[in-house]
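Coordinates in review
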Amino acid sequence: MHYLRIVIALVTAATLQACGTITRLDAVPAALVDRAAPPGIPNARYWLGSDITPFIKGVMADNQRELEARAKAGLITDPLPAIDLLAISGGGDNGAFGAGLLTGWTKHGDRPQFRVVTGISAGALIAPFAYLGSAYDSVLREVATSVGSDGVFRSRGLLAGLTSDGMADSTPLARLIAQYVTPAVLTAIAAEYAKGRALVIGTADLDSGRAVSWNMGAIATSGAPGALGLFRKVMLASASIPGAVPPVMIDVEVDGKRYQEMHVDGAVIHQVFTYPSNTIEALGQKLGQPYQRKIRIYAIRNSKLAPEWLATPRRTLSIGSRAISILLQWQGIGDLEYIDRTARKDGADFNLAYISTDFAPGAHQDFDPVYMNRLFDYAYGQGVKGYAWHKTLPTELPPR
């Protein structure tokens, strides 16, 4: 996940603090953060770390669209089928694992049409195509395996990187997203959103220090002139490692005044996410009766679950890189523990996939196509034969 790049950026950029900063529009004042919105696109996102009332209203609206779509298609509306929820984590080039597993699952023949798909960081690049289903499996493979490091980030050079807003330029990744997220893809996502399905991508707003959950179906459906651009920006932001590449600036408005938010990799706050732990209770209160619908959660962790042993060289960058790597892996475990606890509380069926220790490719460079294709093929093989989903977090995790 480019830990070394992050460390280099943080350590060396500190020596050039007096060089000034790149200009931007005003940040949203703290008191107005919850009211800020992209122009012309209502319900574009949720702040799930605070008042979840807008999110609950959004879920109720999803349910209503689903009921209407099923009735129109002559499908049974009572009882409704289980909600299958797919959550795809970050993981850098390990995103090939999730893409391979989903593609192999298609071949196995029982991959569901997910009612909800969430993605963050590397998972954000996969999520839209996982949401659209098996017809986009070839795109999943292309996005997850075919791009080397120079096709994702382009070095700015040491001096330019230190005096700018990132050590590398993310234009190649933006170009990749634009290649695959076309107007036709946006139309297809809008059509699925009309059936009550939800696609949510997470970013981190650096100004407020909060997680943002973007309602990608609402963006696709809005018809706003900037909808396609915003959709692509959110995907890019979710995979933009702070310090390594520039943040993504997103224009918003409050009471007609323009501001600019600074968004980065959602994995700064969460490695993987589903829904707030009090969602089911809040839905029950809104409905006036307990929420009875069955929920099945499938969480794909694009990583080995716990840090592996490594003899760390006694050098500043090696120490910093190793520490960040460990921090992010334990953060990912914490996110999975939260999802597991919420699932058990709600009576949901919890299913977890992650890279097993039997996959041992050896040393490799970031975004090495050989490595990514090996990982894709490994996960594809697991999916084809029927992945043995873990129903709980493994008990063999090392002590913290």
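Anything mentioned here points back to the structure above.
All figures in this text were calculated on a predicted structure; none of them were measured in a lab.

**A word on the overall build of the protein**
Of the regular secondary structure elements, the protein holds 13 helices and eleven strands. Residues counted as buried form 53% of the 400 residues belonging to the protein. Pairs at least 24 apart in sequence give 78% of the contacts found in the protein among residues at least 6 apart. Carbon together with sulfur atoms contributes 56% to the accessible area of the protein, which is approximately 17900 Å² in total.

**Section: the side chain of Ser-238**
One can find Ser-238 in helix 10 (residues 227-238). Non-local contacts of Ser-238, meaning those with residues more than four positions away in its chain, are made with Gly-119, Ile-120, Ser-121, Ala-124, Ile-201, Gly-202, Thr-203, Val-264, Asp-265 and Gly-266.

**So, the nonpolar core**
Counting residues in hydrophobic clusters, the biggest one holds 75 residues, and the most contacted among them are Leu-86, Phe-97, Leu-102, Trp-214, Met-216, Ile-219 and Phe-231. Every residue in contact with Met-216, bar those within four places of it in the chain, is listed here: Ile-189, Leu-199, Ile-201, Phe-231, Val-234 and Met-235. By size, the runner-up hydrophobic cluster in this structure holds 29 residues, among which are Ile-52, Phe-350, Leu-352 and Leu-393.

**Examining helix 10**
For helix 10, with twelve residues, the first-to-last C-alpha span of 17 Å sits near the 16 Å given by 1.5 Å per residue. Of all the residues in helix 10, the buried ones are Ala-227, Leu-228, Leu-230, Phe-231, Val-234, Met-235, Leu-236, Ala-237 and Ser-238.

**Section: the packing of helix 8 (residues 183-193) against helix 10**
It is at 11 Å that the axes of helix 8 and helix 10 come closest, and there the two elements cross at 90°. Here helix 10 runs roughly perpendicular to helix 8, going by the angle between their axes. Residues Pro-183, Leu-186 and Ile-189 of helix 8 form the contact with helix 10, whose participating residues are Ala-227, Leu-228, Phe-231 and Arg-232. Counted by class, the contact of helix 8 with helix 10 contains six nonpolar, no polar and one charged residues.

**Quick look at the pairing of strand 6 (residues 198-205)**
The buried count for strand 6 comes to eight of eight residues, which makes it a mostly enclosed element. Burial along strand 6 is two-sided: Ala-198, Val-200, Gly-202 and Ala-204 and Leu-199, Ile-201, Thr-203 and Asp-205, pointing in opposite directions, are all buried. By the bridge criterion, five bridges tie strand 3 (residues 116-120) to strand 6 in an arrangement that is parallel. Bridging from a neighbouring strand, Val-117 pairs with Leu-199 of strand 6. Bridge count between strand 6 and strand 7 (residues 210-215): six bridges; the pairing is antiparallel. Paired with Ala-204 across the strands is Ala-211, a residue of strand 7. Taking the residues that link successive antiparallel strands as the turn, the strand 6-strand 7 hairpin has four residues, and the phi of Gly-209 there is positive, at about 70°.

Parameters at a glance
- Residues numbered from 1 in each chain as written.
- Predicted model: local features only at pLDDT ≥ 70, side-chain atom pairs only at ≥ 80, totals over all residues.
- Heavy atoms only, no water.
- Helix = DSSP H or I, 4+ residues; strand = E, 2+ residues; numbered from the N terminus.
- Buried < 20%, exposed > 50% of the residue type's maximum accessible area, 1.4 Å probe, protein only.
- Contact = heavy atoms within 4.5 Å.
- Areas by Shrake-Rupley, 256 points an atom, 1.4 Å probe, with all protein chains shown as cover.
- Core = buried A, V, L, I, M, F, W, Y, C linked by side-chain atoms within 4.5 Å.
- Expected span 1.5 Å × (residues − 1).
- Axes fitted to C-alpha atoms, helices over the stretch in contact; angles between N-to-C directions.
- Parallel < 35°, antiparallel > 145°, perpendicular 65-115°, else oblique.
- Nonpolar A, V, L, I, M, F, W, Y, C, P; charged D, E, K, R; others polar.
- Pairing = 2+ DSSP bridges.

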